[in-house]
Amino acid sequence: IRRSERLAAATEDAYVAGDAVRVRRLAAEVLESALGAEPRAHVLFALGMLEWHHGTVARSRELFERAAELATGRLLMRTLCELVHVCQFVDDVVGLTAAADRAAAVADCSDPEQAMLANYLPGAARVVEGHPDLGAPLVRRAVELLESDPVLRDDPRQLLISLFCTFWLQDPTIALGYFDRRINRAREVGALGMLAFGLSLASGGLAWLGDHARAYAFAGEAIELLDTLGYKADPGVAFEVAATDPSGNTGAATH
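Residues numbered from 1 in each chain as written. Predicted model: local features only at pLDDT ≥ 70, side-chain atom pairs only at ≥ 80, totals over all residues. Heavy atoms only, no water.

Participant: So what's going on with the overall build of the chain? Which residues, and what values?
Facilitator: Secondary structure summary: the chain contains 14 helices and zero strands in total. Along the chain, helices (α) and strands (β) appear in the sequence α-α-α-α-α-α-α-α-α-α-α-α-α-α when read from the amino end. For the chain, whose C-alpha radius of gyration is 18 Å, the value lies close to the compact-globule estimate of 18 Å for 255 residues. Principal axes of the C-alpha set define a box for the chain whose edges measure 55 × 40 × 35 Å. If you take every contact in the chain between residues at least 6 apart in sequence, the share linking residues at least 24 apart comes to 60%. Accessible surface, the chain: about 11300 Å² in total, of which carbon and sulfur atoms supply 54%. (Helix = DSSP H or I, 4+ residues; strand = E, 2+ residues; numbered from the N terminus. Rg over C-alpha atoms; globule rule 2.2 N^0.38 Å. Contact = heavy atoms within 4.5 Å. Areas by Shrake-Rupley, 256 points an atom, 1.4 Å probe, with all protein chains shown as cover.)

Participant: If you had to explain the nonpolar core to someone new, which residues and values would you point to?
Facilitator: One finds Met116 and Tyr120 to be the most contacted residues of the largest nonpolar core, which totals 84 residues. It is helix α5 (residues 73-89) that provides the largest number of residues to this core, a total of nine residues. Residues within four places of Tyr120 in sequence aside, it is in contact with Cys81, His85, Leu138, Val139, Ala142, Ile161, Phe164, Cys165 and Trp168. (Core = buried A, V, L, I, M, F, W, Y, C linked by side-chain atoms within 4.5 Å. Buried < 20%, exposed > 50% of the residue type's maximum accessible area, 1.4 Å probe, protein only.)

Participant: Go over unusual backbone geometry, please, and point to the residues and values.
Facilitator: For Asp91, which is not glycine, the phi torsion reads 60 degrees and is therefore positive. Among the residues examined, Asp91 registers a relative accessible area of 62% and is labelled exposed. The phi dihedral of Gln170 falls on the positive side, at around 55 degrees, and the residue is not glycine. Relative to the helices and strands, Gln170 is located in the loop between α10 (159-169) and α11 (179-189).

Participant: Lay out the packing of aromatic side chains with the relevant residues and their values.
Facilitator: Enumeration according to the criterion identifies four aromatic pairs in this entry. When the centroid spacing of 5.0 Å and the interplanar angle of 70 degrees are considered together, the rings of Phe167 and Trp168 count as edge-to-face. An angle of 70 degrees between the planes, with centres 6.2 Å apart, marks the rings of Phe179 and Phe218 as edge-to-face. With Phe179 in helix α11 and Phe218 in helix α13 (residues 212-229), this residue pair connects regions lying 39 residues apart in the sequence. (Phe/Tyr/Trp six-rings, centres within 6.5 Å; stacked < 30°, edge-to-face > 60°.)

Participant: Please give an account of α10 that cites residues and values.
Facilitator: Of all 11 residues in α10, nine are buried; the element is thus mostly enclosed. Within α10, burial applies to Leu159, Leu160, Ile161, Ser162, Leu163, Cys165, Thr166, Trp168 and Leu169. Buried residues in α10 make contact with α5, α7 (112-128), α8 (132-148), α11 and α12 (192-208). Gln170 lies just past α10 and shows a positive phi near 55 degrees.

Participant: Describe the side chain of Asp92, listing the residues and the values that go with them.
Facilitator: For Asp92, the position within the fold is in the loop between α5 and α6 (93-106). Reaching out from Asp92, the side chain makes a polar contact with the backbone nitrogen of Val94 at a distance of 3.3 Å. Residues within four places of Asp92 in sequence aside, it is in contact with Arg61 and Cys87. (Polar contact = N/O pair within 3.5 Å; in protein donor to acceptor, adjacent residues only side chain to side chain.)

Participant: Tell me about the state of the cysteines, and please be specific about residues and values.
Facilitator: Inspection of every chain in the model, using the stated rule, returns zero disulfides. Cys81 supplies the cysteine sulfur nearest to Cys87, a cysteine that is in no disulfide, at a spacing of 12 Å. No disulfide involves Cys165; its sulfur sits 9.3 Å from the nearest other cysteine sulfur, which is in Cys81. By relative accessible area, which is 0% here, Cys165 ends up buried. (Disulfide = S-S within 2.5 Å.)

Now the structure itself:
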């Protein structure tokens, strides 16, 4: 079991680094051993993330749901977080609300990451349900926890959540104090799987703020990195931003 746990942790680390081949190889070793629910949950979670970017949303959701049946603690919260994101992508408000409310119910709020997600996920759900007055304070509390806890401040796994908070709040200025630091940290530690989509989201926020030159640069870097990693997913925001020139005019770039 201990070997399976080490392999499972390595599988998730490989995803963060953007190494799809290594994720699949390590995942196969763990799943073949069939030892321990938690290692299997880690692997199913990593495969769900990989499927989101290399395969189909439906298959990704299936893997997250299977992981959520086995996971506990922090891993369960991370899995429910990705289920919320998947449900938002496919416009499944019922599924999104169920995952978010489950996270709020099971969170161990003595753990800063779980406390952060216990605010972030219900906050996002309330916004989707059409109650931003209820959701926004929870999302802002999540941002406070992301920035006040020394581990969360320095963890590249939190890059995308920190940027998604600006989406739920419809206010990209929220990230001005931290997005450069978090993106640079992802670069420093080689968290390319996080960096690619972080750059894409950040490019959209910068464009919204009128910083078209930086938005264009970030978008180009995101698209190049996604291509290098072999991610088939459409980075969406990055393509839209890259279709403008640095002055904000459309139609200036092709990729």
